[in-house]
Amino acid sequence: MSEAILVAGPGGLPADETPSTVHQLGPMFPPTHPVAQAPVTSPTHSVDGFVKEFLRELNTDQGVALSRSTVNDQYLALASTVRNYLMARWLETSRKHRETKAKTVGYLSAEFLLGRQLGNALMATQLGEIAEQAMAACGLDLATLRAQEVEPGLGNGGLGRLAACFIDSLATMSVPCIGYGIRYEYGIFRQTFVGGRQVEQPDTWLALGNPWEFPHPEAAVRVDFGGHTETWDDEGTERTRWVPDWNVLGVPYNYMVPGYHNGRVNTLRLWSAQATKAFDLQIFNSGDYAEAVRAQTFAENITKVLYPEDSTPQGKELRLQQQYFFVACSIRDFLEQVLEPGFDLHNLPERIIFQLNDTHPVIAVPELMRILVDEKKFDWDEAWDVTRQCFAYTCHTLLPEALEVWPVDLLGRLLPRHLEIIYRINDEFLAEVREQHPGDELLARSMSIISDFPERQVRMAYLATIAATKVNGVAELHSKLLAEKVLPAFNTYFPGKFTNVTNGVTPRRFVRLANPWLSALITDTLGPNWVTDLDRLEELEPYAEDEEFRAAFRDAKQKNKTRLVNLLETRDGIRLPAGHLLDVMVKRLHEYKRQTLKLLHVVTLYDQIISGRVDPRTVTPRTVVFGAKAAPGYRMAKEIIYLINSVAEVVNADPRVGGRLMIAFPANYNVTLAEKLIPAADLSEQISLAGMEASGTGNMKFALNGALTIGTDDGANVEIRRLVGDANFFLFGMLEPEVAALQASGYQPSAYYESNPDLKSAIDLIASGAFSGGDRQTFEPVVSNLLYEDRFMALADYQSYLDAQARVEAAYADTEAWTRSAILNVARSGFFSSDRSMHDYLSKIWHAAAV
């Protein structure tokens with residue numbers, strides 16, 4: 001066994017993320033909806049039994065002997081072995097759901113940012129120690145095999161991570177749930193930096209095989225597009241049918257979603273597009289090889305990448321195709337595969353609640369209406385009554401531009417029947433509004449699903465709000481602003497429809513799995529049950545005064561820092577200095593999140609040192625870590641990334657800094673890196689402009705892992721600050737009413753620049769070319785944006801932010817007091833478990849139960 005060949009990853013690519021050798025795993029075809037048709041037994045829970053299963057998988061599935069296997073062979077065999085331990089539970093869970101006919105949560109989301117699966121599966125099955133010993137018996141290292149797994153790039157940020165947390169919690173709580181989404185062939189792009197600029201590379205996460213999915217081409221769903229509608233007489237009743245121009249097939253890929261130590265395994269079903277007629281042999285034989293496979297290429301484009309760049313008409317159309325494709329597949333799947341034959345669809349709300357995770361799946365509303373009215377021959381009113389009980393809508397934004405709209409021309413061309421249905425929903429709704437508010441035509445126009453300016457468009461958030469049984473925001477402040485400022489007329493018109501469910505994160509992945517040292521300390525102190533009852537963390541509060549516990553807490557933090565140092569040096573060639581305050585800002589690059597404000601703080605520190613205004617020996621040693629991707633078409637965000645990297649290059653190389661200040665910007669921030677970075681952080685940067693961030697979930701993960709937050713009163717920061725206490729949170733910046741007042745009075749960013757010498761000096765340093773080789777034009781767009789627009793008021797909050805950072809430095813100088821605050825952050829953040837979020841959804845919105 002000691003002859004196993006371990007193959008290193010390709011040179012220059014991240015060793016912790018990048019697989020080593022290409023070896024394709026063959027498909028597996030269990031039942032589309034796992035059915036225990038015969039007794040299924042799990043392999044023996046012993047080291048010897050695990051070794052036998054592993055070697056069998058290696059020999060029979062991978063077709064290699066251990067002595068001739070690659071790391072990828074070994075990883076695939078190990079993943080298959082662990083997966084087999086879950087299989088019986090999956091089949092039994094499906095049988096139980098089928099027999100009980102329980103109400104199911106259908107979670108419709110364009111993103112599911114799952115993270116690596118092997119570690120989570122080992123944790124769920126309690127096989128971690130057995131697997132480690134078994135691999136050692138085979139002469140292999142479990143950590144090496146775990147590092148071989150490629151993270152599925154099926155999300156962009158918080159939306160996808162939240163969806164993954166929610167389905168984890170529902171499985172852990174034994175609530176029937178099917179997650180429905182898209183199996184993107186390339187997913188979110190892989191970010192690289194070339195000369196400091198972001199360059200997007202394809203994320204080939206499927207290239208080496210994926211042992212966690214079960215494809216079922218025999219259960220493919222046909223999805224239609226284009227064409228026209230026509231009316232027909234159905235024994236005296238006039239009906240409409242859709243005559244499409246073209247169609248594709250949606251092939252389901254099933255993933256297991258294991259609960260934590262409860263024997264339950266739910267399902268995540270992702271859809272992949274294929275052509276109905278993939279290959280034309282006649283055309284191929286004529287010599288036109290490209291045309292012979294054109295249909296397949298065209299169809300596969302639908303699920304090729306996450307969020308196609310939509311600045312072109314073609315990109316916009318592809319996005320709409322993508323959204324309709326996955327909801328059409330999902331609704332058809334539930335109606336025809338999950339429900340028993342002959343089920344009376346008038347009772348559909350008793351069996352399903354579809355949660356619309358933002359506006360991407362909202363086209364599901366007219367799709368269900370189309371099926372009920374056109375195919376099942378429901379009367380319009382009875383179909384609408386059923387539909388309104390089957391959907392709930394979560395809004396994840398306060399930015400008007402993020403509330404999705406579709407041009408009527410595009411929707412009518414691609415989905416003509418759905419546009420007709422939307423028009424009728426709108427007409428009947430506006431008739432109700434006019435009846436209740438006669439003479440108030442302005443109100444009716446403001447609530448119309450169809451907007452007429454600047455072009456005729458369908459407002460998907462309005463459609464979702466009208467159709468949904470409930471509409472929720474994702475933090476207290478966000479839900480208040482959603483009801484009062486974003487959709488105020490609807491909140492008044494539908495009393496009781498709007499509610500709040502504050503986001504949460506799964507403690508399984510983001511504490512138990514990501515932070516083994518802190519988890520061990522908590523378990524030694526409280527016992528193991530905190531993992532599924534995070535409120536128990538409050539029992540840690542008295543230990544903040546225990547000197548021995550504080551020392552152990554610091555030791556856990558240091559071990560996380562050491563792990564991160566080793567990872568970044570291997571993964572990115574970044575060497576983090578020892579003894580620094582680790583100041584972390586990781587989130588999608590967007591102007592409202594204000595990475596520029598963080599950068600202005602760094603440039604100010606640097607400017608103060610090199611100008612001699614501050615002795616570097618008096619500066620708290622600090623490493624600032626950024627992690628962020630910019631959308632490919634978001635020019636300003638990409639310029640900000642370039643500026644961050646350019647500042648880092650100069651600051652990190654300047655001996656005048658004396659090793660007191662460093663910037664690290666590892667490329668391609670993802671869940672895998674987050675699991676190492678978040679537990680190591682000392683300071684969490686949550687600095688969006690008040691009233692802009694819906695909630696955030698990174699802020700929760702940092703607090704749960706013992707980082708202190710510097711932040712505005714925005715999103716879930718409000719609740720974090722209230723729970724952990726003002727003494728353990730560094731608050732700065734304007735409150736939301738102050739932001740609104742400043743906007744109304746006419747915000748002039750240049751006035752802040754002129755009146756603040758530190759701010760002026762920092763911006764002038766950027767404008768001078770100090771970070772661009774003397775070229776003053778390089779960062780002119782960023783500088784001009786700050787001075788003459790600054791939509792998200794970084795300059796207005798600058799001085800307050802610097803004052804708060806001064807409080808951070810003073811607090812960090814008192815090690816015992818800082819540790820005490822960090823422990824209290826952990827102890828008081830149990831509220832932010834996604835299990836609590838699910839309890840709120842279940843009681844307020846879904847009214848489903850565990851089985």
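Parameters at a glance
Residues numbered from 1 in each chain as written. Predicted model: local features only at pLDDT ≥ 70, side-chain atom pairs only at ≥ 80, totals over all residues. Heavy atoms only, no water. Helix = DSSP H or I, 4+ residues; strand = E, 2+ residues; numbered from the N terminus. Rg over C-alpha atoms; globule rule 2.2 N^0.38 Å. Buried < 20%, exposed > 50% of the residue type's maximum accessible area, 1.4 Å probe, protein only. Contact = heavy atoms within 4.5 Å. Areas by Shrake-Rupley, 256 points an atom, 1.4 Å probe, with all protein chains shown as cover. Lys, Arg positive; Asp, Glu negative; His and termini not counted. Charge placed at Lys NZ, Arg CZ, Asp CG, Glu CD. Axes fitted to C-alpha atoms, helices over the stretch in contact; angles between N-to-C directions. Parallel < 35°, antiparallel > 145°, perpendicular 65-115°, else oblique. Left-handed = near helix turned anticlockwise from the far one by under 90°. Nonpolar A, V, L, I, M, F, W, Y, C, P; charged D, E, K, R; others polar. Salt bridge = Lys/Arg side-chain N within 4 Å of Asp/Glu carboxyl O. Arc of directions from axis to C-beta. Polar contact = N/O pair within 3.5 Å; in protein donor to acceptor, adjacent residues only side chain to side chain. Pairing = 2+ DSSP bridges. Expected span 1.5 Å × (residues − 1). Core = buried A, V, L, I, M, F, W, Y, C linked by side-chain atoms within 4.5 Å. Phe/Tyr/Trp six-rings, centres within 6.5 Å; stacked < 30°, edge-to-face > 60°. Lys NZ or Arg CZ within 6 Å of the ring centre and 35° of its normal. Disulfide = S-S within 2.5 Å.

Some remarks on the overall build of the chain
At step 1: In terms of helices and strands, the chain carries 33 helices and 23 strands.
At step 2: On C-alpha atoms alone, the chain measures out to a radius of gyration of 27 Å, which is about the 29 Å that the 2.2 N^0.38 rule sets for 851 residues.
At step 3: Taken along the three principal axes of its C-alpha coordinates, the chain extends 90 × 80 × 65 Å.
At step 4: When the 851 residues of the chain are sorted by exposure, 62% land in the buried category.
At step 5: A sequence separation of at least 24 residues applies to 77% of the contacts in the chain between residues at least 6 apart.
At step 6: Carbon and sulfur atoms provide 50% of the accessible area of the chain, an area that totals close to 31,800 Å².
At step 7: For the chain, the distance from the average site of its 80 positive side-chain charges to the average site of its 107 negative ones is 2 Å.

Notes on the packing of helix α10 (residues 313–338) against helix α11 (residues 364–375)
At step 1: Interhelical geometry of α10 versus α11 gives an angle of 50° and a closest axis separation of 9 Å. It follows from the interaxial angle that α10 and α11 lie oblique. The handedness of the crossing between α10 and α11 is right-handed. Between α10 and α11, the contacting residues are Tyr324, Val327, Ala328, Ile331, Arg332 and Leu335 on the first element and Ala364, Glu367, Leu368, Arg370, Ile371 and Glu375 on the second.
At step 2: Of the residues belonging to the contact of α10 with α11, the class tally is eight nonpolar, no polar and four charged.

Some words on the pattern of salt bridges
At step 1: One pass over the full model with this rule turns up 55 salt bridges.
At step 2: Linking Arg575 and Glu569 is a salt bridge whose minimum nitrogen-to-oxygen distance equals 3.0 Å.
At step 3: For Arg575, a relative accessible area of 63% translates into the label exposed.
At step 4: Across the pair Asp713 and Arg721 runs a salt bridge whose closest N-O atoms are separated by 2.7 Å. Like Asp713, the residue Arg721 is buried in the burial classification.
At step 5: The network of salt bridges with shared partners includes Arg332, Glu336, Glu367, Arg370 and Glu375.

Considerations on helix α20 (residues 516–526)
In an α-helix, one full turn covers 3.6 residues, which means residues spaced three or four apart are oriented alike.
At step 1: Every buried residue of α20 is accounted for by Leu518, Ser519, Leu521, Ile522 and Leu526. In an axial view of α20, the angular spread of the buried residues amounts to 160°, which keeps them on one side of the axis.
At step 2: Structurally, α20 contributes buried residues whose contacts are with α19 (507–513), α21 (547–572), α25 (698–704) and α32 (815–827).
At step 3: Phi turns positive one or two residues past the end of α20, at Gly527, with a value near 90°.

Some words on the side chain of Ser69
At step 1: Along the chain, Ser69 turns up in the loop between α1 (47–61) and α2 (71–100).
At step 2: Looking at Ser69, the relative accessible area reads 1%, which means it is buried.
At step 3: Only 2.9 Å separates the side chain of Ser69 from the side chain of Gln74, close enough to count as a polar contact.

Focus on unusual backbone geometry
At step 1: Of note, the bond from Phe453 into Pro454 is cis; its omega dihedral lies within 30 degrees of zero at 0°.
At step 2: By the element assignment, Pro454 lies in the loop between β14 (450–451) and β15 (457–459).
At step 3: Phi angles above zero are rare outside glycine, and Gln126 is one such case at about 60°.
At step 4: Judged by its relative accessible area of 55%, Gln126 falls in the exposed class.

Regarding the sheet that holds strand β13 (residues 405–407)
At step 1: On the basis of which strands lie adjacent, the open sheet formed by three strands has the order β13-β15-β14 and antiparallel pairing. In this open sheet, the two edge strands, each paired with only one partner strand, are β13 and β14.
At step 2: Sheet topology note: the β14/β15 ladder contains two bridges and is antiparallel. In the strand pairing of β15, Ser451 is matched with Gln457.

Comments concerning helix α6 (residues 158–172)
At step 1: The terminal C-alpha atoms of α6, which comprises 15 residues, lie 21 Å apart, in line with the 21 Å expected from a rise of 1.5 Å per residue.
At step 2: Along α6, 14 of the 15 residues are buried, which leaves the element largely enclosed by surrounding structure.
At step 3: Looking one or two places after α6, you find Ser174, whose phi comes out positive at around 60°.

Quick word on the sheet that holds strand β20 (residues 661–664)
At step 1: Ordered by their spatial adjacency, six strands build an open sheet running β20-β19-β18-β21-β22-β23, and the pairing between neighbours is parallel. Here the strands that pair on one side only, and so sit at the sheet edges, are β20 and β23 (729–731). Direction aside, neighbouring strands of the sheet carry axes that sit 20° apart on average.
At step 2: As paired elements, strand β18 (residues 581–586) and strand β21 (residues 683–686) share two bridges and run parallel to each other. Counted as the bridge partner of Asp583 is Leu683 from β21.
At step 3: Along the sheet, helix α23 (residues 635–653) makes contact with β19 (622–627) and β20, crossing β20 at roughly 145°.

Remarks on the side chain of Arg571
At step 1: Position of Arg571 among the secondary structure elements: in helix α21.
At step 2: A distance of 2.9 Å separates polar atoms of two side chains, one belonging to Arg571 and the other to Asp572.

A closer look at the environment of Lys497
At step 1: In this structure, Lys497 sits in the loop between α18 (488–493) and β17 (498–500).
At step 2: Setting aside residues up to four positions removed in sequence, Lys497 forms contacts with Thr465, Ile466, Ala468, Thr469, Lys470 and Val471.
At step 3: A distance of 3.3 Å separates the side chain of Lys497 from the backbone oxygen of Ile466, its partner in a polar contact.

Topic: the environment of Asn645
At step 1: Structurally, the position occupied by Asn645 is in helix α23.
At step 2: For the pair Asn645 and Gly195, spaced 450 residues apart in sequence, the C-alpha separation works out to 8.7 Å.
At step 3: Beyond its immediate stretch of four places on either side in the chain, Asn645 contacts Phe193, Gly196 and Phe665.
At step 4: There is a polar contact of 2.9 Å between the side chain of Asn645 and the backbone oxygen of Gly196.

Looking at the nonpolar core
At step 1: The biggest cluster of nonpolar side chains holds 165 residues, and the ones touching the most others in it are Phe50, Phe54, Phe325, Leu348 and Trp846.
At step 2: It is α2 that contributes the most residues to this core, 12 residues altogether.
At step 3: Counting residues in each nonpolar core, the second largest holds 101 residues, with Leu113, Ile763, Leu765 and Val783 among its members.

Here we look at the packing of aromatic side chains
At step 1: Applying the stated criterion across every chain yields a total of 27 aromatic pairs.
At step 2: With a centroid separation of 6.1 Å and an interplanar angle of 15°, the aromatic rings of Phe429 and Phe490 are classed as stacked. With a gap of 61 residues between them, Phe429 in helix α14 (residues 416–436) and Phe490 in helix α18 connect regions that are remote in the sequence. The residues Phe429 and Phe490 share a single accessibility class, namely buried.
At step 3: The aromatic ring of Tyr642 is capped on one face by Arg197, whose charged end is 3.9 Å from the ring centroid.
At step 4: The positively charged end of Lys701 is found above the aromatic ring belonging to Phe510, 4.2 Å away from the centroid.

A look at the state of the cysteines
At step 1: All chains considered together, the criterion is met by zero disulfides.
At step 2: Free of any disulfide, Cys177 has its nearest neighbouring cysteine sulfur in Cys165, separated by 13 Å.
At step 3: By relative accessible area, Cys177 is classed as buried at 4%.

By themselves, these observations are geometric and do not establish any function.
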